[in-house]
Amino acid sequence: MKKPFSLILSLALSASIAGCAADSGARNTADSFLNALETGDLDGAIAVSDGTAREGVEALKASTLAIFQFPEGFEISDEMQAVMDEFVRGSTAISYKSHKIWNMKRISDDEYEVTAIVTIADSQSLADAIAAVDPQSDINTYADEINEITLNEGEDAGFARMMFVIYDCYNRNMDEIESHLRFEDGSIIMTLKKNKDGNWTVSDIPTDSQSD
């Protein structure tokens, strides 16, 4: 009787270890996703997400960049892209304050539902705080340079220099923007799935999963 019992115990322990590994993998991925948002690393959040979750992060990135409009077909330089990326990173990082994994619900070996408690900025307060920053004084400081570039290199070049000045102004005022934000606690429910390579990804975040 010892041999069958030992075999059963071994199988039970193996199943338990496998379950803990799955739980840990899903939890770590959920943490990585939320940590990426809290540091403004949207590309990092995209890297550990898929499906509607990835689409949501990509939409967040696009909507942040869309605050300032560029003419259609405008060619963005590496210098401009860098200051734009810094704006996206900074404005995201000040908006997502903290999180705590609250519950892990196993759906199957390859799927978990993870609930996290998050502290995030009220979106309206973020919009208002950004709108309160006035880059006009910076534009005035560089007005002669912008006009000279426009005359010598064309309107697109002058516009590019002006937009760089504007983005740089907002980036330097991120602490001031953050000081005006209103934060609220809520819950977010994430579906995590294991892909064919054995890696966990955040695959879905229902749009109605956050609450006050």
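The structure we're discussing is the one just above.
Since the model is a prediction, treat every value here as computed from it, not as a measurement. (Residues numbered from 1 in each chain as written. Predicted model: local features only at pLDDT ≥ 70, side-chain atom pairs only at ≥ 80, totals over all residues. Heavy atoms only, no water.)

Peer 1: What am I meant to see in the pairing of strand E3 (residues 183-194) here?
Peer 2: Looking down a regular strand, the side chains alternate between one sheet face and the other. Examined bridge by bridge, strand E2 (residues 111-121) and E3 share 11 bridges and lie antiparallel to one another. The residue bridging threonine 119 from the neighbouring strand is aspartate 185, located in E3. In terms of strand pairing, E3 meets strand E4 (residues 200-204) through four bridges, oriented antiparallel. Its bridge partner lying in E4, lysine 193 is registered against threonine 201. Taking the residues that link successive antiparallel strands as the turn, the E3-E4 hairpin has five residues, and the phi of glycine 198 there is positive, at about 90°. (Pairing = 2+ DSSP bridges. Helix = DSSP H or I, 4+ residues; strand = E, 2+ residues; numbered from the N terminus.)

Peer 1: Can you help me understand the packing of helix H7 (residues 143-153) against helix H8 (residues 155-172) in this one?
Peer 2: A pair of packed helices is captured by two measures, namely the crossing angle of their axes and the spacing between those axes. Running from N to C, H7 and H8 cross one another at 155°; their axes reach a closest spacing of 6 Å. Taken together, the axes of H7 and H8 are roughly antiparallel relative to one another. Every pair of crossing elements has a handedness; the one defined by H7 and H8 is right-handed. Contacts between H7 and H8 involve Glu145, Ile146, Ile149, Thr150 and Glu153 from the former and Glu155, Ala157, Gly158, Arg161 and Met162 from the latter. The residue inventory of the contact of H7 with H8, partitioned by class, reads four nonpolar, two polar and four charged. (Axes fitted to C-alpha atoms, helices over the stretch in contact; angles between N-to-C directions. Parallel < 35°, antiparallel > 145°, perpendicular 65-115°, else oblique. Left-handed = near helix turned anticlockwise from the far one by under 90°. Contact = heavy atoms within 4.5 Å. Nonpolar A, V, L, I, M, F, W, Y, C, P; charged D, E, K, R; others polar.)

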